[in-house]
Amino acid sequence: MASLRTLLRPMVLWPLLLVCTMALYLFGLGGHLAPTNGDEMVYIHIARMTTESGHWLPLQSELAGMRNTKPPLLIWQAMVASGWGEHWSLLALRLPSIAYTFATTALLAFFTWRMSGKKRTACLAAVLYLLFFSTFRYGRVYLTSAPETFWLSLPMWWVLWLRVRSSASTVTTVASDAPSWLAYTMFGIAMGLGAAYKSFALVAPAAAAVWCAVLWSAPQLNGRIFVRTTAGVAWSALIGVGIFALWFVLDPDPAAVWQEFVLGENAGKMRTSVGYWQAALHGPYPMWQQLLAYPVNAGLLFFTALGLCWLGVRHGVRSATYRRLTPAQRVLVAWLLVWLIVFTIPTQRSERYVIPAVPALAIGMALLWQRIGRVWSLISLLVMAPALVMLARIADVIGQMDVGSHVLTGGAIGVALVGLAAVFLGLFNARWTRNASLVACASVYACFSLMVEPLSHPATDYPAAVHAQMQGQRIAVPNGFTGRFENYHFVLRGAHIKPYDAEGRNTGELYPDMPSDARLLRLLNEFDAVIWLQDDVTQDAPTCLPQCRLVAQRWHVKSRHKSGDITLDNLWYPQEWLFGREWLLVKADR
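What counts and how
- Starting afresh in each chain, residues are numbered from 1 along the sequence in its written order.
- In keeping with the model being predicted, local features are shown solely for residues with a pLDDT of at least 70 and side-chain atom pairs are shown and tallied solely at 80 or more, while totals for entire chains, interfaces and linings include all residues.
- Hydrogens and water molecules were not included; the side-chain quantities draw on all heavy atoms of the structure.
- Residues with no salt bridge and a relative accessible area higher than 30% make up the patches, which join like charges within 9 Å and nonpolar side chains (Val, Leu, Ile, Met, Phe, Trp, Tyr) within 5 Å.
- Every accessible area reported is derived by Shrake-Rupley at a probe size of 1.4 Å, with residue values counting cover from the shown protein chains alone.
- When a carboxyl oxygen of Asp or Glu lies within 4 Å of a side-chain nitrogen of Lys or Arg, that pair is called a salt bridge.
- Put simply, DSSP marks the helices as runs of H or I at least four residues long and the strands as runs of E at least two long, and each gets a number from the N terminus on.
- Only protein chains enter the accessibility calculation, which uses a 1.4 Å probe; a residue is then buried when its area is under 20% of its type maximum, exposed when over 50%, and partly exposed in between.
- Paired strands, in this sense, are two strands between which DSSP finds at least two bridges.
- Whether two residues are in contact is decided by their heavy atoms: any pair within 4.5 Å suffices.
- Here, two cysteine sulfur atoms that lie within 2.5 Å of each other are counted as a disulfide.
- A cavity here means a set of points on a 1 Å grid, drawn over the protein atoms and nothing else, where a 1.4 Å probe fits but cannot get out; a pocket is an open set with protein on both sides within 12 Å along at least five of seven lines, and a residue lines either one if it has an atom within 4 Å of a point.
- Grid points are joined across faces, edges and corners, and a volume is the space filled by probe spheres set on the points.
- Gly is placed with the polar residues, together with every amino acid not listed as nonpolar (Ala, Val, Leu, Ile, Met, Phe, Trp, Tyr, Cys and Pro) or charged (Asp, Glu, Lys and Arg).
- Just so you know, the count uses Lys and Arg for positive and Asp and Glu for negative, and it drops His and the chain ends.
- By convention, the point assigned to a charge is CZ for Arg, NZ for Lys, CD for Glu and CG for Asp.
- Axis angles are defined between N-to-C directions and span 0 to 180 degrees, where every axis is a line fitted to C-alpha atoms and, for a helix, only to the segment in contact.
- The scheme is simple: roughly parallel for angles under 35 degrees, roughly antiparallel for over 145, roughly perpendicular for 65 to 115, oblique for anything else.
- Each helix crossing is assigned a hand: it is left-handed if the near helix lies turned anticlockwise from the far helix by less than a right angle, otherwise right-handed if that turn is clockwise.

Colleague: Give a description of a nonpolar patch on the surface that names residues and reports values.
Modeller: Side chains of Met11, Val12 and Leu16 sit close together on the surface and give an oily, nonpolar patch of about 280 Å² of accessible area. Along the polypeptide, Met11 turns up in helix H2 (residues 10–26).

Structure, rendered in structure tokens:
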């Protein structure tokens, strides 16, 4: 316990935890079970099809209505990172996201250091940002928010630099505190690159945040500064939208881009079948839910982020609070508020839309770390304790399976014990509560990564002889979510993959309404091979035997569950509801 207390001292904890967390971002990066957005495989599919076409544009896809749903820069990134398909792997596709995330982390750590004067506070801000679940989920995989976060943050970093520089200088002038026209031009280029990764709509909050930050943090405000700032930000926004508009100029089918992306993906988020206010207050995306966007993005640190928001609300009602804010602090507040307000307006709201402002949240939490009430960290610890216990239990079950690794299982359980020790210390020692919550959070991520690693290891894949046998074969594969079948292009390279609806999905793809046994036989008649999922835990073998032959099998993790699959009675036995067999089958006469 004494050694753990030494570990929890800020001077030791923050640098060590930062290094460990960065290593955690790289561990298991090429695995198919890394936390990600469910649509990741959709855009990997588009990237693969476009790469195979040999052309930058138009984007290609076999999925109906899913071709121009993202701007091309994300797709081009995959094409370049994979060497035009020569190194097509999840690791190669995801590494650029890591580079963007680490670059953003370095920038926010630098500015935290400049604002606080303490390197340990800078490390704390970096750790917080990397431990936010939105960063861990969307900052390390292919379908990522890391590129637009980096590019759209650059103008805010420059404004912040002007403010921290002027605060440190003994001589300041209005001219030196205002962005130049060159700066506004560069702002526009950064906004355009960020928009080219996600949407032209992001230019609006990015430009509005810069405008508010420059004006509110200015040493003095007059008509001249107002007009210059407004004109400069308008110029930046014009450049940003202009860069995005190059897609229409370069794409051979601009009408499809307009229809699928502008009208379908963007304008559709402003439509509602009921009145605007009815949807805003009682619809599926209510405004009040969006107000919790920043705590939700914090994930396991939800309550700690909520504590920061409560601190802001409690002091924000006092006019004296705003007078005491430094120019740099005003930039952070403007950054957070503008993004939140802008994305409260559409009828379709999501906490993911404010991710480009999350770096400001990490800086704010680090600067006010000791002022955030201890009770918020206590609640976080109480949430993480059962999560660590359950992850350790699942790791133990995987260790007993035929793909298990004693080293990885022991590592997962060991990390869980470290996290539980931090929880115990944090609960009963007020001095260490806040710091212990971060150790526990990192332990959850590490335990999960170690837990799923055996299922992502090449040893759990199909044997090399099977890969050779399946080359050029037409294989029907299960598809329980849009684009999920694309993962089989990494599993069985060189095979011709055709998806069929599975795990409750019913889009009419390859006879989903047929009885299971009859459907499997029909698929075997129409394809060279079929990958079939175990129907339930009691099923020991495929139902098609002896009319089919089992070529190989492996474990898969169930992504969807029916009502009643998980109960209090079987929660402690994940082997009954979390894992199933995946069988590679061919007809018996083949």
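Still more ground to cover, so stick around.
Colleague: Can you break down the pairing of strand S5 (residues 579–587) residue by residue, with the values?
Modeller: With respect to burial, S5 is a largely interior element, eight of its nine residues being buried. Direction of pairing for strand S3 (residues 529–533) relative to S5: antiparallel, over a ladder of four bridges. By the bridge assignment, Val530 is partnered in S5 with Leu585. Bridging between strand S4 (residues 548–557) and S5 involves nine bridges; their strand directions are antiparallel. From the neighbouring strand, Trp555 faces S5, where its bridge partner is Arg581.

Colleague: Tell me what's going on with unusual backbone geometry, and back it up with residues and numbers.
Modeller: For the peptide bond that leads from Leu57 to Pro58, omega is 0 degrees, which places it in the cis range. Looking at the element boundaries, Pro58 is found in the loop between helix H3 (40–53) and helix H4 (72–81). With an omega dihedral of 5 degrees, the bond running from Leu545 to Pro546 counts as a cis peptide bond. Despite not being glycine, Leu510 has its phi angle at roughly 60 degrees, a positive value.

Colleague: Could you give me a rundown of the environment of Ile243, with the residues and numbers involved?
Modeller: One can find Ile243 in helix H12 (residues 223–250). With a relative accessible area of 25%, Ile243 lands in the partly exposed category. Apart from the residues lying within four places of it in its own chain, the contact partners of Ile243 are Gly188, Ile189, Gly192 and Leu193.

Colleague: Go over the state of the cysteines, please, and point to the residues and values.
Modeller: Tallied over the full model, the rule gives one disulfide. Between the sulfur atoms of Cys544 and its disulfide mate Cys548 the distance is 1.9 Å. Judged by the sign of its S-S torsion, about 70 degrees, the bond between Cys544 and Cys548 is right-handed. Like Cys548, Cys544 is buried. With no disulfide of its own, Cys123 lies 12 Å from the sulfur of Cys20, the closest cysteine sulfur.

Colleague: Please set out the side chain of His489 residue by residue, giving values where relevant.
Modeller: With respect to the element layout, His489 can be found in helix H25 (residues 488–491). Here His489 is in contact with Arg48, Ala495 and Ile497, once residues within four sequence places are set aside.

Colleague: Quick rundown of empty space enclosed by the protein? Include the residues and the values.
Modeller: Taken as a whole and assessed by the stated rule, the structure comprises three cavities of 30 Å³ or more. Taken as a whole, the largest cavity encloses approximately 70 Å³ of empty space. Lining the largest cavity, in full, are Phe27, Gly28, Gly31, Leu33, Ala34, Pro35, Arg140, Phe448, Ser449, Val452, Glu453 and Ser456. Residue composition of the lining of the largest cavity, grouped by class: six nonpolar, four polar and two charged. When its volume is computed, the second largest cavity comes out at roughly 60 Å³. Elements that contribute at least two residues to the lining of the second largest cavity include exactly helix H7 (133–138) and helix H8 (146–168). For the lining of the second largest cavity, the leading source of residues is H7, giving three residues. For the lining of the second largest cavity, a count of residues per class yields five nonpolar, six polar and no charged.

Colleague: Account for a positive patch on the surface, with residues named and values stated.
Modeller: There is a patch of like positive charges on the surface, built from Arg314, Arg318, Arg323, Arg324 and Arg371. Topologically, Arg371 is positioned in the loop between helix H20 (358–367) and helix H21 (374–399). With a relative accessible area of 51%, Arg371 lands in the exposed category.

Colleague: Give me the lowdown on the packing of H4 against helix H5 (residues 90–116), citing residues and values where you can.
Modeller: A pair of packed helices is captured by two measures, namely the crossing angle of their axes and the spacing between those axes. Contact geometry of H4 with H5 gives a least axis separation of 8 Å together with a crossing angle of 115 degrees. Our classification of the angle between H4 and H5 gives roughly perpendicular. Note on packing geometry: the crossing formed by H4 with H5 is right-handed. Residues Gln77, Ala78 and Ala81 of H4 form the contact with H5, whose participating residues are Ala92, Leu93, Pro96, Ser97 and Tyr100. Split by residue class, the contact of H4 with H5 holds six nonpolar, two polar and no charged.

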